[in-house]
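Descriptive analysis of the structure
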Amino acid sequence: PAPREVSRARVRACCHNCEQEVLAALRSCDSVKLCVAWLTHLNILMELYHIPCQVVITADRIHRKVHKHLRSLKVRKVGKASSRCRPLMHHKFAVGCIGGKPSFVLLGSYNYSTAGARNLENVVRIDSPAIAKAYAEEADILYALGRPA
C-alpha cells in the first residue's frame, strides 16, 4: 500500500505495564488483526478467545508450547522455522476494529510473549482510522500468505 499522510491522530505511549496496555486495548475493540513475531503470553492468548481475531505469527519452535491455543484460534504462520537464516516476520502490531472498521493500531517493541512481560519494552497506541487501515491491509496480506499454525 502507498504511504498515507495523516494530519490528526491521538497517540499514547506506554513504556511500563505493556501487557496491561495490550489487554485493555483488546478489551476495547470488537475484533482485532494481530501480527506479532511471537505469541506465547497466556493472558493475551486467553483474551483473544473473547473477540474475533485474525492472527499471524512467525514460524518458530517457541510456539510449540502453546500449539493447542494457536490451532483453536486459527492462527496462521509465515516464514520457516528450520534454519538460522530464515525469513522472519518480525512485525509487532495489532489493529483494533470498532464497528467493523479499523480504529487504532498498537505497535512497538513489545513481544506478545512470556519473555516480553519481563523485558524493557514499549507499546504505542495510535487512534487513527487511516493509519489503522494501512496496518489492517498489511495484516490481510500476511494472513493470506500464511499457513495454519
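Residues numbered from 1 in each chain as written. Predicted model: local features only at pLDDT ≥ 70, side-chain atom pairs only at ≥ 80, totals over all residues. Heavy atoms only, no water.

**Focus: the packing of aromatic side chains**
On inspection of all chains with the given rule, the structure shows 2 aromatic pairs. Above the ring of Tyr143, the side-chain terminus of Arg76 is found at 5.3 Å from the ring centroid. If you follow Arg125 out to its NZ or CZ, it ends over the ring of Phe104, 3.7 Å from the centre. (Phe/Tyr/Trp six-rings, centres within 6.5 Å; stacked < 30°, edge-to-face > 60°. Lys NZ or Arg CZ within 6 Å of the ring centre and 35° of its normal.)

**A look at the pattern of salt bridges**
A complete count under the given rule lists 5 salt bridges for this structure. A salt bridge links Asp127 to Arg10; the shortest N-O distance between them is 3.3 Å. Taken together, the positions of Asp127 in strand β7 (residues 123-127) and Arg10 in strand β1 (residues 10-14) put the pair 117 residues apart, joining distant regions of the chain. Where Lys33 meets Asp140, a salt bridge forms, and the shortest distance between an N and an O atom there is 2.5 Å. Linking Lys33 in strand β2 (residues 31-36) with Asp140 in helix α4 (residues 129-145), this pair joins segments that are 107 residues apart in sequence. With a relative accessible area of 17%, Lys33 lands in the buried category. Salt bridges here are not isolated pairs; linked through shared partners, they connect Arg10, Arg125 and Asp127. (Salt bridge = Lys/Arg side-chain N within 4 Å of Asp/Glu carboxyl O. Helix = DSSP H or I, 4+ residues; strand = E, 2+ residues; numbered from the N terminus. Buried < 20%, exposed > 50% of the residue type's maximum accessible area, 1.4 Å probe, protein only.)

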